[in-house]
Amino acid sequence: AEVFYELFQGASDKAVGAVVELPFSRGCELEADSVGMKIAAEACYDPAKVAGFWGYCARKGLASQPFEFLSTHPGSAQRADNMAAKLPAAAEAMRSSPLCGVFRDQMAQMARLDQWSRHVDSVTGISFYVDRRTGAREWSLPEDLRGV
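The model shown is predicted, which means the values in this text are computed figures rather than measured ones. (Residues numbered from 1 in each chain as written. Predicted model: local features only at pLDDT ≥ 70, side-chain atom pairs only at ≥ 80, totals over all residues. Heavy atoms only, no water.)

Attention now goes to the nonpolar core. Listed in full, the 11 residues of the largest apolar core are Met 37, Ala 41, Cys 44, Ala 51, Trp 54, Cys 57, Ala 80, Met 83, Ala 90, Met 94 and Cys 100. Among the elements of the structure, α1 (2-42), α2 (47-60) and α3 (76-96) are those that each provide at least two residues to this core. Ranked by residues supplied to this core, first place goes to α3 with four residues. Dropping the residues within four chain positions of it, Ala 80 is found in contact with Trp 54 and Gly 55. Ranked by size, the runner-up nonpolar core spans five residues in total, among them Leu 113, Trp 116, Tyr 129 and Leu 145. (Core = buried A, V, L, I, M, F, W, Y, C linked by side-chain atoms within 4.5 Å. Buried < 20%, exposed > 50% of the residue type's maximum accessible area, 1.4 Å probe, protein only. Helix = DSSP H or I, 4+ residues; strand = E, 2+ residues; numbered from the N terminus. Contact = heavy atoms within 4.5 Å.)

Structure representation (structure tokens):
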């Protein structure tokens, strides 16, 4: 009888633990998702991609548990909904991040630089640049792109 009591006691402790602790664990995971999305947005990663990722997982049935109440992690659909709700705040964090402004400026400058290709004249050995969009030839890069 004592063995059955110990088994019952152990099972009931685990059941109480699952009922009390697992929802807390899922809540922590949702909070971690939100914090991670905000940090990624401040580092110039598009927060809409994070929400889209969990939406994709939910549509495909990936990372979901049949008995979510027994899981330590929320299901994909719940994560997608949580991310969608947090998206405006994360997008604002991205817009207000000083790092992202610098990054956008550098990417625009790199795009301008990418439109130029460097060539070497086969006769003289002198290098020149060709604007891929217009076909214009220049002996040097435009002044604002030098040193990039």
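So that's the structure; there's more coming.
Turning our eyes to something else, we now look at the sheet that holds strand β2 (residues 127-131). Strand pairing in a sheet is mediated by backbone hydrogen bonds. Such pairs are either parallel or antiparallel. Strand order in this open sheet of three strands is β1-β2-β3, and the pairing throughout is antiparallel. At either end of the open sheet lies a strand with only one pairing partner, and these are β1 (116-120) and β3 (137-138). Relative to β2, β1 runs antiparallel, the two sharing five bridges. Looking across to β2, one finds that Trp 116 is bridged to Asp 131. (Pairing = 2+ DSSP bridges.)

Let us now look at unusual backbone geometry. Despite not being glycine, Cys 44 has its phi angle at roughly 80°, a positive value. Along the chain, Cys 44 falls in the loop between α1 and α2. Of the residues examined, Cys 44 reaches a relative accessible area of 14% and is grouped as buried.

Here we come to the side chain of Ser 117. As for its position among the elements, Ser 117 is in strand β1. When its relative accessible area of 11% is taken as the criterion, Ser 117 is described as buried. A polar contact of 2.8 Å, which involves the side chain of Ser 117, links it to the side chain of His 119. (Polar contact = N/O pair within 3.5 Å; in protein donor to acceptor, adjacent residues only side chain to side chain.)

Considering all chains together, one arrives at five salt bridges under this definition. By sharing partners, the salt bridges in this structure join Glu 29, Asp 33 and Arg 79 into a single network. (Salt bridge = Lys/Arg side-chain N within 4 Å of Asp/Glu carboxyl O.)

Moving on, we get to the packing of aromatic side chains. Two aromatic rings, taken as a pair, are described by how far apart their centres are and by the angle between their planes. Evaluation of the coordinates by the stated rule reveals two aromatic pairs. Between Phe 53 and Trp 54, the aromatic rings sit 5.0 Å apart at their centres with planes inclined by 75°, giving edge-to-face as the arrangement. Aromatic side chains Phe 128 and Trp 139 sit 6.5 Å apart centroid to centroid with 75° between the ring planes, which places their arrangement in the edge-to-face category. Within this pair, whereas Phe 128 is found in strand β2, its partner Trp 139 is found in the segment after β3, the two being separated by 11 residues in sequence. Overall, Trp 139 belongs to the exposed group, its relative accessible area being 63%. (Phe/Tyr/Trp six-rings, centres within 6.5 Å; stacked < 30°, edge-to-face > 60°.)

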